[in-house]
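Coordinate analysis (summary)
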Amino acid sequence: MAATLDVAPGLRGLPRGLPYHQPVDRKAFPDGLRTSGQHPPIESQIRPFDAFPTEITGPTVWEGRDIAARQGEWVHRWTDGELNELLQAVDAFTISGIPLININKHNFSIPNVTRTLQAVRHDILNGRGFVLFRGLPVEAWGRQKAAIAMMGISAHLGYLLSQNKLGQVLGHVTNLEADYKNSLDKVKIAATNAALALTLLPLSLHHTDEADIVGLLFCAPGESGGASGCASAHTVWNALVRERPDVAKLLASPVWYCDRKGEITAGQEPWIKVPVFYLEPGGQERVYVKWDPYFVKSLTRYSDKGLIPALSPQQLEAMDILEKTCARYGFEYTCEVGDVQFVSCCQTFHSRTAFVDALPPKPPRHLLRTWRGGIQVDSTPPTANPLVASGGTD
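We now turn to the structure provided with this report.

Analysis parameters
- Residues numbered from 1 in each chain as written.
- Predicted model: local features only at pLDDT ≥ 70, side-chain atom pairs only at ≥ 80, totals over all residues.
- Heavy atoms only, no water.
- Helix = DSSP H or I, 4+ residues; strand = E, 2+ residues; numbered from the N terminus.
- Buried < 20%, exposed > 50% of the residue type's maximum accessible area, 1.4 Å probe, protein only.
- Contact = heavy atoms within 4.5 Å.
- Areas by Shrake-Rupley, 256 points an atom, 1.4 Å probe, with all protein chains shown as cover.
- Pairing = 2+ DSSP bridges.
- Axes fitted to C-alpha atoms, helices over the stretch in contact; angles between N-to-C directions.
- Polar contact = N/O pair within 3.5 Å; in protein donor to acceptor, adjacent residues only side chain to side chain.
- Parallel < 35°, antiparallel > 145°, perpendicular 65-115°, else oblique.
- Left-handed = near helix turned anticlockwise from the far one by under 90°.
- Nonpolar A, V, L, I, M, F, W, Y, C, P; charged D, E, K, R; others polar.
- Expected span 1.5 Å × (residues − 1).
- Disulfide = S-S within 2.5 Å.

Details of the overall build of the protein chain
Counting its regular elements, the protein chain contains 10 helices and 15 strands. The buried share of the protein chain, taken over its 394 residues, is 53%. Excluding contacts between residues fewer than 6 apart, the proportion of contacts in the protein chain whose partners are at least 24 apart in sequence is 80%. About 17,500 Å² of surface is accessible on the protein chain, with carbon and sulfur atoms providing 54% of the total.

Here it is as structure tokens:
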């Protein structure tokens, strides 16, 4: 039986794992809003496998080999008019002196681009699940202006929230040479040059972030490798139900312990116990997915002590089958400097192959990341620094 932590008095009657926040100066947060961060699902709202659809249909279902041939549907090249409007918005925001963390759709006005983003947002959340904007002139504008544009565009798709315990609303995906092989419990793979997930799991590449939409701006390429990939979680679900319903049932069961990697507030357990596939309660009852194999494999420090169960042979098999099914129905593509990619982390898996950085004086591979969703530890205020790479490790 897994050990439990005491629940703060103010949390009685709420799901275990919700943090207890002391009163905080809301002025430290844009608009006075602070996310509660990650918390376990409410058990009464977890639906059993028998309630899930046996087949999902519609625009969220696609196969990589087909969509790779229809690049015009998911790649949008910025027009000169759109780039001029974005640059004017960047300059106006810079002149205003407003802190970067306070950027929003009201103080970053891009009326013409907004019409495109509204259609794209629908495709991300209710359709294909991803889009790629091409041609942002990162090298001509410089990292600072490109970051403002990235955050401004992202703010039109949703509210920006912290990605880690440092409060970063603008994350850096680059090789910080973190020792993921020996410190997996402290390291996020985005801070390494490893494939997501390289040697720790056979073929494990596909995952979702702890957000609803993840945005990535490609600022500098690697010398080789680093290809991006996507797979429809709904196509994967259909295949699992059809071919291995036992695996689908296990993945839809709340038996998966996921590591918080130390990003916890008082009153929270150091892990979250969840299913991989969820059925949204009420409304459309859509099938959602939350999955990162690294955050499952890094919990041996607790399972070795008997605090939580170790992964069973059935779970290890399910992880392997899930990844192979993602690889079978997904696809990979190469991104260029200036590409801006947005992916739904609710019904789309994404991946990245291993890469090798260029030698100096060329810069290392570097992406800037935004989340709509988030991690909140204690009352850490939000930060955004386009020029200094940090986060992802202790």
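Alright, that's what it looks like, and here's the rest.
Thoughts on the sheet that holds strand 11 (residues 331–333)
Pairing is antiparallel across the open sheet formed by three strands, whose spatial order is 11-6-13. Across the chains shown, the open sheet's two edge strands, defined by having one partner strand only, are strand 11 and strand 13 (348–352). Averaged over all pairs of adjacent strands, the angle between their axes in this sheet comes to 25°, without regard to strand direction. Of the strand pairs in this sheet, strand 6 (residues 228–232) and strand 11 are connected by three bridges, and their pairing is antiparallel. The residue bridging Gly 229 from the neighbouring strand is Glu 332, located in strand 11.

Details of the pairing of strand 7 (residues 256–259)
In summary, the side chains of a regular strand alternate between the two faces of the sheet. A two-sided burial pattern is seen for strand 7, the buried positions comprising Trp 256 and Cys 258 on one face and Tyr 257 and Asp 259 on the other. By the bridge criterion, four bridges tie strand 7 to strand 8 (residues 271–274) in an arrangement that is antiparallel. Across the sheet, residue Trp 256 finds its bridge partner in strand 8, namely Val 274.

Quick look at unusual backbone geometry
Note the cis peptide between Pro 360 and Pro 361, where omega equals 10°. Along the chain, Pro 361 falls in the loop between strand 14 (355–356) and strand 15 (366–372). Not every positive phi belongs to a glycine, and Lys 261 is a case in point at roughly 50°. Within the secondary structure, Lys 261 sits in the loop between strand 7 and strand 8. What makes Lys 261 buried here is its relative accessible area of 5%.

A word on the side chain of His 156
Here His 156 lies in the loop between helix 5 (143–155) and strand 3 (171–174). Of note is the side chain of His 156, whose polar atom sits 2.8 Å from the backbone oxygen of Phe 108. Once residues within four sequence positions are removed from consideration, His 156 is found in contact with Lys 105, Phe 108, Ile 110, Thr 114 and Leu 117.

Observations regarding the packing of helix 6 (residues 233–243) against helix 10 (residues 313–329)
Two numbers describe how helix 6 lies on helix 10: the axes approach to 10 Å, and their chain directions differ by 125°. Here helix 6 lies oblique to helix 10, going by the angle between them. Along this stretch, helix 6 crosses helix 10, giving a crossing that reads as right-handed. From helix 6, Thr 235, Val 236, Ala 239, Leu 240, Arg 242 and Glu 243 reach across to helix 10, where they touch Ile 321, Leu 322, Thr 325, Cys 326, Arg 328 and Tyr 329. Partitioning the contact of helix 6 with helix 10 into residue classes produces seven nonpolar, two polar and three charged.

Let's talk about helix 2 (residues 80–96)
Compared with the 24 Å implied by 1.5 Å per residue over 17 residues, the 24 Å span of helix 2 between its first and last C-alpha is a close match. For helix 2, the elements touching its buried residues are strand 1 (75–77), helix 3 (111–126), helix 4 (138–141) and helix 5.

Quick notes on helix 3
For helix 3, spanning 16 residues, the distance from its first C-alpha to its last is 23 Å, which sits close to the expected 22 Å at 1.5 Å a residue. Taken together, the buried positions of helix 3 are Val 113, Thr 114, Leu 117, Val 120 and Ile 124. Each element contacted by the buried residues of helix 3 is listed here: helix 2, strand 2 (130–134), helix 5, strand 4 (213–220) and strand 12 (340–344).

Overview of the state of the cysteines
Scanning the model with the defined rule gives zero disulfides in all. Not engaged in a disulfide, the cysteine Cys 346 finds its nearest cysteine sulfur in Cys 345; these two sulfurs lie 7.1 Å apart.

Let's talk about the sheet that holds strand 2
Strand order across the open sheet formed by six strands is 1-2-12-4-15-3, with mixed pairing between neighbours. Edge positions in the sheet fall to strand 1 and strand 3, since each of these pairs with one other strand and no more. Averaged over all adjacent pairs, the angle separating strand axes in this sheet is 20°, with direction ignored. Bridge analysis of strand 4 against strand 12 gives five bridges, and the strand direction is antiparallel. If you follow Val 214 over to strand 12, its bridge partner there is Val 343. Lying over the sheet, helix 3 contacts strand 1, strand 2, strand 4 and strand 12, oriented at roughly 145° with respect to strand 2. Against the sheet, helix 5 makes contact with strand 4, strand 12 and strand 15, and its axis sits at roughly 25° relative to strand 15, the strand it touches most.

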